[in-house]
Structure formats: structure tokens, C-alpha cells
Amino acid sequence: MENHNEFLEPGMLVKHPGQPAWGVGQVQSNMGGKITVNFREAGKVVIDAARVALLITDDT
């Protein structure tokens, strides 16, 4: 599968489309198709960029 999140950089705010209860998350790293995001309600989560296209947000 294709990496839909290759443009994400540390500090960017995102939401997980399949987990709205996690709230807004801040990208911590994006390396080798794995994105580490610190979500307000779920803590640190490692996302497989080939499976999930995170949504950029400006919500704070």
C-alpha cells in the first residue's frame, strides 16, 4: 500500500479518521512508514502510514 502520510512532519496536528475519540494528536516522528503521534485522549500511538491516512487539522 501507498504511504498517504509522507508529508507529515513533527509538530503537525492530526486526527485519526477511525478513532475520533482519540482527539487531536501531535506528530512526534515520521520514519520508514511509521508515524508516532501523541493523541490527547489515547497517548502515544504508532500509526502504519500504509494503512491509515491521518487528517491534518488546525484544531487545538
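Above this text you will find the structure in question.
Residues numbered from 1 in each chain as written. Predicted model: local features only at pLDDT ≥ 70, side-chain atom pairs only at ≥ 80, totals over all residues. Heavy atoms only, no water.

1. Remarks on the overall build of the protein chain
Along its length, the protein chain carries 0 helices and 5 strands. The order of α-helices and β-strands along the protein chain, N terminus first, is β-β-β-β-β. Computed over its C-alpha atoms, the radius of gyration of the protein chain comes to 10 Å, within 12% of the 10 Å expected for a compact globule of 60 residues. Per-residue burial over the protein chain gives 30% buried out of 60 residues. (Helix = DSSP H or I, 4+ residues; strand = E, 2+ residues; numbered from the N terminus. Rg over C-alpha atoms; globule rule 2.2 N^0.38 Å. Buried < 20%, exposed > 50% of the residue type's maximum accessible area, 1.4 Å probe, protein only.)

2. A look at the pairing of strand β4 (residues 43-48)
In this sheet, β4 lies alongside strand β3 (residues 34-39) in antiparallel orientation, the contact comprising 6 bridges. Opposite asparagine 38, over in β4, you have lysine 44 as the bridge partner. (Pairing = 2+ DSSP bridges.)

3. Regarding the packing of aromatic side chains
Scanning the model with the defined rule gives 1 aromatic pair in all. Summarising the aromatic geometry, the rings of tryptophan 22 and phenylalanine 39 are spaced 5.1 Å apart at their centres and angled 55 degrees between planes, so their arrangement reads as tilted. Of the two residues, tryptophan 22 sits in the loop between β1 (13-15) and β2 (25-31) while phenylalanine 39 sits in strand β3, which places them 17 residues apart along the sequence. (Phe/Tyr/Trp six-rings, centres within 6.5 Å; stacked < 30°, edge-to-face > 60°.)

4. What to know about the side chain of threonine 57
Positionally, threonine 57 belongs in the segment after β5 (55-56). Not counting the four nearest positions on each side in its chain, threonine 57 is found in contact with Leu13, Val14, Lys15 and Val24. (Contact = heavy atoms within 4.5 Å.)

5. Looking at the side chain of histidine 16
Considering the arrangement of structural elements, one finds histidine 16 in the loop between β1 and β2. Those residues within four positions of histidine 16 in sequence are excluded, and the remaining contacts are Trp22, Phe39, Ile47, Val52 and Leu54.

6. Some thoughts on the pattern of salt bridges
Using the criterion set out here, one finds 2 salt bridges in the structure. For lysine 34, the salt bridge goes to aspartate 48, with nearest N and O atoms at 3.8 Å. In this pair, lysine 34 sits in strand β3 while aspartate 48 sits in strand β4, placing the two residues 14 residues apart along the sequence. Owing to a relative accessible area of 40%, lysine 34 belongs among the partly exposed residues under this scheme. By relative accessible area, aspartate 48 is classed as partly exposed at 25%. Aspartate 48 is paired through a salt bridge with arginine 51; the nearest N and O atoms lie 3.8 Å apart. Each of the salt bridges in this network shares a partner with another, and the network as a whole consists of Lys34, Asp48 and Arg51. (Salt bridge = Lys/Arg side-chain N within 4 Å of Asp/Glu carboxyl O.)

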